[in-house]
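# Fold and contact review
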Amino acid sequence: DTSTHRPDALMATGTSYVGNDVYNTTGSGQTKTVKAKAGSTVTFKVEIQNDGNDTDPITLTGPGTGNGYTVSYFDGTTNVTAAVKGGTCTFALSGGQTHVISVKVKIGTTASASKSLLVTVTSGHDPSKVDAVKAVVKKA
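Our subject in this report is the structure included herewith. Treat the numbers as computed from the prediction; the structure is a model and nothing was measured.

What counts and how
Residues numbered from 1 in each chain as written. Predicted model: local features only at pLDDT ≥ 70, side-chain atom pairs only at ≥ 80, totals over all residues. Heavy atoms only, no water. Helix = DSSP H or I, 4+ residues; strand = E, 2+ residues; numbered from the N terminus. Rg over C-alpha atoms; globule rule 2.2 N^0.38 Å. Buried < 20%, exposed > 50% of the residue type's maximum accessible area, 1.4 Å probe, protein only. Contact = heavy atoms within 4.5 Å. Areas by Shrake-Rupley, 256 points an atom, 1.4 Å probe, with all protein chains shown as cover. Lys, Arg positive; Asp, Glu negative; His and termini not counted. Charge placed at Lys NZ, Arg CZ, Asp CG, Glu CD. Pairing = 2+ DSSP bridges. Axes fitted to C-alpha atoms, helices over the stretch in contact; angles between N-to-C directions.

Moving on to the overall build of the chain. Scanning the chain from N- to C-terminus turns up one helix and 11 strands. Helices and strands appear in the chain in the N-to-C order β-β-β-β-β-β-β-α-β-β-β-β. For 140 residues, the compact-globule estimate of 2.2 N^0.38 gives 14 Å, and the chain sits close to it at 15 Å. When the backbone C-alpha atoms are referred to their principal axes, the chain occupies close to 50 × 25 × 25 Å. Taking all 140 residues of the chain together, 42% fall into the buried category. Restricting to contacts in the chain with at least 6 residues of sequence separation, those with at least 24 account for 73%. Accessible surface computed for the chain: about 6400 Å², of which carbon and sulfur atoms make up 48%. Computing the positive centroid from 13 side-chain charges and the negative centroid from 10, the chain places the two 22 Å apart.

What follows is about the pairing of strand 8 (residues 89–93). Judged by which residues are buried, strand 8 turns out to be one-sided: Cys-89, Phe-91 and Leu-93 face inward and are buried, whereas Thr-90 and Ala-92, on the alternate face, are not. Strand direction decides the pairing type here: strand 5 (residues 56–61) and strand 8, joined by five bridges, are antiparallel. Paired with Thr-59 across the bridge in strand 8 is Thr-90.

Let's shift gears to the sheet that holds strand 6 (residues 69–75). Strand order in the open sheet formed by six strands is 2-1-4-9-6-7, and the pairing between neighbours is antiparallel. Whereas interior strands pair on both sides, the edge strands pair on one side only; in this sheet they are strand 2 (17–18) and strand 7 (78–79). Bridging between strand 6 and strand 7 involves two bridges; their strand directions are antiparallel. Each residue of the ladder has a partner; that of Phe-74, found in strand 7, is Asn-79.

Strand order across the open sheet formed by five strands is 3-11-10-5-8, with mixed pairing between neighbours. Strands with a single pairing partner mark the edges of an open sheet, and in this sheet they are strand 3 (31–36) and strand 8. Strand-to-strand, the axes of this sheet are offset by a mean angle of 20°, without reference to chain direction. Sheet topology places strand 3 next to strand 11 (residues 130–139); six bridges connect them, and they run parallel. Looking across to strand 11, one finds that Val-34 is bridged to Val-137.

On their own, these measurements won't tell you what the molecule is for.
Laid out in structure tokens, this is it:
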């Protein structure tokens, strides 16, 4: 197999993404932080890129609700939260293709000071190829 498998994840809070061509499993250099008041909802965007040269089923996984924060994942208008938390949210992307998922985080009135979400993308053809981005929400 001479194909290259290289999933790349990028994180944005608006139109400015971080993490392009940064590959690690900790979210280092690929983190966005937002501060917001209780009762509000913040939205992050995760762009999944196939930086390889062959079609690859790339799986997106991420954490769920906890510590007073409600976390939801959307593919367009379709709620894919159960699939993302369950590790079954997969996109077959050809080389160079991208796909964007929205991550909505609602801050509850009893929320802890912050919530960190490590979102990972994994190559289906080469599971050793993993990249991660991090979203951090701080209660104002």
